[in-house]
Amino acid sequence: MSMPNRRPPHGAALSATAPRAAATTAPAAEAGGDRSDGGTPQADDAPAAGLRFPSDFGWGAATSAYQIEGAAKEDGRGESIWDTFSRTPGRTRNGDTGDVAADHYHRYVEDLDLMRDMGLRSYRFSISWPRVQADGTGAPNQRGLDFYRRLIDGLHERGIAPMATLFHWDLPQALQDAGGWESRDVAHRFADYAEIVFRALGDRVPVWLTVNEPKTVVQNGYLEGHHAPGRQDPDAAYLVAHHLHLAHGLAVAAYRTTGSGRIGPALNLHPCYPADDSPAAARAAILHDGYENRLYLDPVLTGRYPQDVLDDLGPGSRLVRGIRDGDLATISAPVDLLAVQYYTPYYVTADGATVPRWPTSQASWQQIHPDGMYDVLTRVTRDYGPLPLTVTENGLPSPDTLGADGTVDDAARVTFLRDHLAAVHRAVADGVPLESYHVWSLLDNFEWDAGYDQRWGLVYVDYPTQRRVLKRSAHWYRRVIAANGL
Ligand code: IFM
């Protein structure tokens with residue numbers, strides 16, 4: 001099996017009166033200074049001026065349960081694989097865990113008010129499976145469901161559309177003990193859980209996302225082992241991919257019998273470019289794209305696994321042997337939208353390795369390349385048809401600090417978001433049916449194995465006090481939303 005070198009994750013009516021923004025990584029401050037008090041915008045806060053989005057565009061921000069909620073032992077919540085993993089010495093930076101995180105479970109009202117103040121129109125969050133079913137099976141835990149009901153009601157009260165993800169990696173530990181995603185049965189347990197959630201909350205949530213970034217589970221959890229459950233087993237990894245797809249398809253089927261809104265998958269996609277002009281690099285980039293993108297897009301959207309990837313894995317692989325009659329029909333049940341998450345491109349050499357081309361962020365796996373956003377969005381529409389799209393994650397980590405004046409000056413994030421939104425606008429202008437865009441993330445949070453060192457939020461969280469401070473990027477984003485564009 002010549003599997004490509006696996007890397008860390010990452011992974012209308014328009015007007016455009018300005019030339020496309022350059023793919024710059026220069027800090028905004030270099031472009032002309034800024035205010036940091038949320039008051040009058042200055043030069044660098046008016047980037048790519050003149051780009052207007054469709055009037056109903058869904059400006060949003062995203063989070064996930066384990067990364068922000070905390071309250072790890074409250075109200076009947078069970079243990080997840082991330083509780084186990086993060087509490088295992090040496091697994092996360094500084095031994096950080098999500099036990100408290102941003103304490104959102106207790107502070108969600110304050111967080112809802114911040115969202116309202118920023119003018120958000122959409123909020124993407126995830127539901128913690130072990131809050132709803134402590135062991136991943138059986139009767140629901142009403143107190144867990146009640147939390148999400150309160151959160152969702154609070155969104156509606158503030159005019160913010162909820163978008164809920166069913167699975168953002170916090171698998172109940174009891175199900176891991178029973179085989180985790182290597183077990184086909186877990187896909188069926190997921191469908192049961194999904195049905196419970198749809199019945200309890202479905203009337204209040206217009207858009208559902210099934211599995212967040214199956215590729216990251218496969219890559220980080222089962223190939224590289226730096227995410228829960230910490231395995232390094234390629235053969236298991238691709239069987240896990242199949243069972244995650246099956247879980248998605250079974251949840252879609254459950255939704256069709258219980259819900260009347262919309263549902264789709266949430267995939268992190270990466271443009272894969274040849275690193276040089278050689279035919280061998282071009283070939284390697286195509287196979288790499290198979291592993292990064294088509295392995296996740298094709299089964300769900302076309303009902304087939306990419307043949308080049310199956311050939312590369314070989315007929316004896318557990319993925320190939322794990323596909324049963326009818327699975328691909330289940331997996332490819334029609335979806336209503338596709339959620340796209342973009343962070344980084346890959347440049348692939350003739351031997352299948354990847355090399356950096358652009359400056360990286362604080363997360364060493366992330367190259368900053370805004371044009372990749374355009375390439376991903378237009379590619380999906382070109383290759384898979386005009387399915388409605390939402391960008392459910394895009395963002396930048398930075399080592400933000402709270403200044404003596406009480407402000408947080410995250411100029412690099414403003415520049416990053418500006419340039420990526422300009423690429424988003426260009427894609428929409430070129431016909432991509434994109435409905436909404438969500439910054440990752442609303443709040444600073446637990447960044448998995450990187451712990452709390454990487455701050456991804458629009459809102460700074462002072463962890464010792466849990467005080468929230470809108471960063472410069474949050475003030476900037478509020479003005480973008482108010483202007484409906486850049
Ligand atoms: O924090 C993660 C998120 O949970 C999934 N997508 C990528 C983000 C940044 O690494």
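Note that the structure is predicted; figures quoted are calculated from it, not measured.

Parameters at a glance
Residues numbered from 1 in each chain as written. Predicted model: local features only at pLDDT ≥ 70, side-chain atom pairs only at ≥ 80, totals over all residues. Heavy atoms only, no water. Helix = DSSP H or I, 4+ residues; strand = E, 2+ residues; numbered from the N terminus. Buried < 20%, exposed > 50% of the residue type's maximum accessible area, 1.4 Å probe, protein only. Pairing = 2+ DSSP bridges. Near = heavy atom within 4 Å. Polar contact = N/O pair within 3.5 Å; in protein donor to acceptor, adjacent residues only side chain to side chain. Nonpolar A, V, L, I, M, F, W, Y, C, P; charged D, E, K, R; others polar. Expected span 1.5 Å × (residues − 1). Contact = heavy atoms within 4.5 Å. Axes fitted to C-alpha atoms, helices over the stretch in contact; angles between N-to-C directions. Salt bridge = Lys/Arg side-chain N within 4 Å of Asp/Glu carboxyl O. Core = buried A, V, L, I, M, F, W, Y, C linked by side-chain atoms within 4.5 Å.

**Points about the overall build of the protein chain**
The helix and strand tally for the protein chain stands at 16 helices and 15 strands. Relative to its full complement of 486 residues, the protein chain shows a buried share of 64%.

**Examining the pairing of strand β3 (residues 58–62)**
In terms of burial, β3 is a largely internal element, five of the five residues being buried. Burial along β3 is two-sided: Gly58, Gly60 and Ala62 facing one way and Trp59 and Ala61 facing the other are all buried. Bridging between β3 and strand β13 (residues 434–440) involves five bridges; their strand directions are parallel. In the strand pairing of β13, tryptophan 59 is matched with tyrosine 437. Across three bridges, the pairing between β3 and strand β4 (residues 122–126) is parallel. Counted as the bridge partner of alanine 62 is arginine 124 from β4.

**Remarks on the site of the ligand**
Near the ligand you find 13 residues, and of these Gln67, His168, Glu213, Glu393 and Glu447 are the closest. Interatomic distance of 2.7 Å between a side-chain N/O atom of glutamate 213 and a nitrogen atom of the ligand. In the model, an oxygen atom of the ligand is placed 2.6 Å from a nitrogen or oxygen of the glutamate 447 side chain. Partitioned by chemical class, the residues of the shell around the ligand number six nonpolar, four polar and three charged.

**Considerations on the sheet that holds strand β11 (residues 354–355)**
Pairing within the open sheet is mixed, and its three strands lie in the order β8-β10-β11. Of all the strands in the sheet, just β8 (272–274) and β11 have a single pairing partner and so form its edges. In the sheet, β8 pairs with strand β10 (residues 346–348) via three bridges, with the strands oriented parallel. When the sheet's bridge partners are listed, proline 274 is paired in β10 with valine 348.

**A look at the side chain of asparagine 141**
Position of asparagine 141 among the secondary structure elements: in the loop between α4 (129–132) and α5 (142–157). Looking at asparagine 141, the relative accessible area reads 14%, which means it is buried. In terms of polar contacts, asparagine 141 uses its side chain to reach the backbone carbonyl oxygen of arginine 131, at 2.8 Å.

**What to know about helix α16 (residues 472–483)**
Here α16 spans 17 Å end to end across 12 residues, near enough to the 16 Å set by a 1.5 Å rise per residue. Taken across its 12 residues, α16 has nine buried, putting it largely inside the fold. For α16, the full list of buried residues reads Arg472, Ser473, Ala474, His475, Trp476, Tyr477, Arg479, Val480 and Ile481. Asparagine 484 sits one or two positions beyond α16 and adopts a positive phi of about 55 degrees.

**Examining the side chain of glutamine 466**
If you trace the backbone, glutamine 466 turns up in the loop between β14 (459–462) and β15 (467–470). A polar contact of 3.1 Å, which involves the side chain of glutamine 466, links it to the side chain of arginine 468. Sequence-distant contacts of glutamine 466, that is, excluding residues within four places in its chain, are made with Val100, Ala101, Ala102, Asp103, Arg107 and Val461.

**Details of the sheet that holds strand β12 (residues 389–393)**
Reading around the barrel, the eight strands line up as β3-β4-β5-β6-β7-β9-β12-β13 and close back on themselves, with parallel pairing between neighbours. When strand polarity is set aside, the average angle formed by the axes of neighbouring strands in this sheet is 25 degrees. Note: β4 against strand β5 (residues 161–167), five bridges, orientation parallel. Bridging across to β5, serine 126 finds its partner in threonine 165. Of the strands in this sheet, β3 and β13 are in contact with helix α15 (residues 411–429), which crosses β13 at around 165 degrees. The strands touched by α16 are β3 and β13; relative to β3, the strand with the most contacts, the crossing angle is about 155 degrees.

**So, the pattern of salt bridges**
In this structure the tally under the stated criterion is 40 salt bridges. Among the salt bridges present, the one from arginine 262 reaches glutamate 435, with a minimum N-O distance of 2.8 Å. Placement of arginine 262 in strand β7 (residues 262–268) and of glutamate 435 in strand β13 is noted, with a sequence separation of 173 residues between them. Relative accessible area serves as the criterion here: at 27%, arginine 262 is assigned to the partly exposed category. In this structure, the salt-bridge partner of arginine 379 is aspartate 383, at a minimum N-O distance of 3.0 Å. One end of the pair, arginine 379, and the other, aspartate 383, are both in helix α14 (residues 371–384), four residues apart, so they sit about a helical turn from each other. The exposure class assigned to aspartate 383 is partly exposed, which follows from its relative accessible area of 43%. If you follow the salt bridges from partner to partner, you end up with Lys73, Arg77, Glu79, Asp83, Arg87 and Asp99 in one network.

**Overview of the environment of histidine 288**
With respect to the helices and strands, histidine 288 occurs in helix α10 (residues 279–302). For histidine 288, a relative accessible area of 0% corresponds to the buried category. Through-space distance from the C-alpha of histidine 288 to that of tyrosine 346 is 8.8 Å; in sequence the pair is 58 residues apart.

**Some details on the nonpolar core**
Counting residues in hydrophobic clusters, the biggest one holds 131 residues, and the most contacted among them are Ile127, Trp181, Phe190, Trp208, Leu377, Tyr437 and Tyr477. No other element matches the 13 residues that helix α9 (residues 234–258) contributes to this core. Setting aside its immediate chain neighbours within four residues, tyrosine 477 contacts Trp59, Gly60, Met118, Leu120, Tyr437, Val439 and Leu458.

**Thoughts on unusual backbone geometry**
Cis geometry marks the peptide bond from alanine 228 to proline 229, where omega comes out at 5 degrees. Within the secondary structure layout, proline 229 lies in the loop between α8 (214–223) and α9. Tryptophan 440 connects to serine 441 through a cis peptide bond whose omega is 20 degrees. With respect to the helices, strands and loops of the structure, serine 441 is situated in the loop between β13 and β14. Within the chain, aspartate 103 stands out as a residue other than glycine whose phi angle is a positive 55 degrees. Along the chain, aspartate 103 turns up in the loop between α2 (81–86) and α3 (104–118). You can call aspartate 103 buried: its relative accessible area is 12%. Even without being a glycine, tryptophan 448 presents a positive backbone phi close to 50 degrees.

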